[in-house]
Amino acid sequence: MSVRFSDLAIDDDEILMLRRVHVYACSSRELEPESEHGAELGKMLFHLYRQGVRSELALMQMLTAGEAPPTPEAG
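Counting of residues starts from 1 at the beginning of each chain's written sequence and follows it residue by residue. For this predicted model, a pLDDT threshold of at least 70 governs which residues receive local features, and a threshold of 80 or more governs which side-chain atom pairs are given and counted, while totals over whole chains, interfaces and linings are taken from all residues. For the side-chain quantities, the full set of heavy atoms in the structure was used; hydrogens and water were omitted.

### Digging into the nonpolar core
Note the threshold: Among buried residues, the Ala, Val, Leu, Ile, Met, Phe, Trp, Tyr and Cys ones that are joined through side-chain atoms within 4.5 Å form a nonpolar core. Think of it in three bands: with a 1.4 Å probe and only protein chains considered, a residue is buried below 20% of the maximum accessible area for its type, exposed above 50%, and partly exposed in between. Helix numbering and strand numbering both begin at the N terminus, where a helix is a DSSP run of H or I of at least 4 residues and a strand a DSSP run of E of at least 2. We call two residues in contact whenever any of their non-hydrogen atoms come within 4.5 Å of each other.
Counting residues in each nonpolar core, the largest one holds 14 residues, and the members touching the most others are M17, L18, V21, L41, L45, L59 and L63. Listed by contribution, the elements that provide at least two residues to this core are helix 2 (12–28), helix 3 (36–50) and helix 4 (56–64). Setting aside its immediate chain neighbours within four residues, V21 contacts L45, E56, L59, M60 and L63.

Shown next as structure tokens:
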């Protein structure tokens, strides 16, 4: 599957929303956003976003419900 540049284009509002979700999810797990585990959470968040989850509330719930999706396989 190829990724088009237009699929990755994220506007400022979306970036702000993703940052809010990341900070919220990290704080709920008592993680520093810049820590190794915080970075892993960020990767999961971006993966979910790329899979089409665009709702801020849905992303927050998915990252804090303890039902984290499997991490994308490397490669």
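### A short note on helix 4
Rules: Read the arc as the range of directions from the helix axis to the C-beta atoms.
Here helix 4 has its buried residues at L59, M60 and L63. End-on, the buried residues of helix 4 take up no more than an arc of 100 degrees, which puts them together on one face. Buried residues belonging to helix 4 abut helix 2 and helix 3.

### Side note on the packing of helix 2 against helix 3
The following threshold applies: For helices, the fitted axis covers only the stretch in contact; all axes are lines through C-alpha atoms, and the angles between them, taken along N-to-C directions, range from 0 to 180 degrees. Orientation labels follow simple angle bins: below 35 degrees gives roughly parallel, above 145 gives roughly antiparallel, 65 to 115 gives roughly perpendicular, and whatever is left gives oblique. The handedness criterion is simple: a crossing whose near helix is rotated anticlockwise from the far helix by less than a right angle is left-handed, and one whose near helix is rotated clockwise is right-handed. Residue classes follow a fixed rule: Ala, Val, Leu, Ile, Met, Phe, Trp, Tyr, Cys and Pro count as nonpolar, while Asp, Glu, Lys and Arg count as charged, and any other residue, Gly among them, counts as polar.
Running from N to C, helix 2 and helix 3 point in directions that differ by 135 degrees, and their axes come no closer than 10 Å. Relative to helix 3, helix 2 is oriented oblique. In the crossing of helix 2 with helix 3, the sense of the turn from one axis to the other is right-handed. Note on element contacts: helix 3 touches helix 2 through G38, L41, G42, L45 and Y49, opposite E14, M17, L18, V21, H22, A25 and C26. Looking at the contact of helix 2 with helix 3 residue by residue, the class counts come to eight nonpolar, three polar and one charged.

Geometry only, nothing functional implied.
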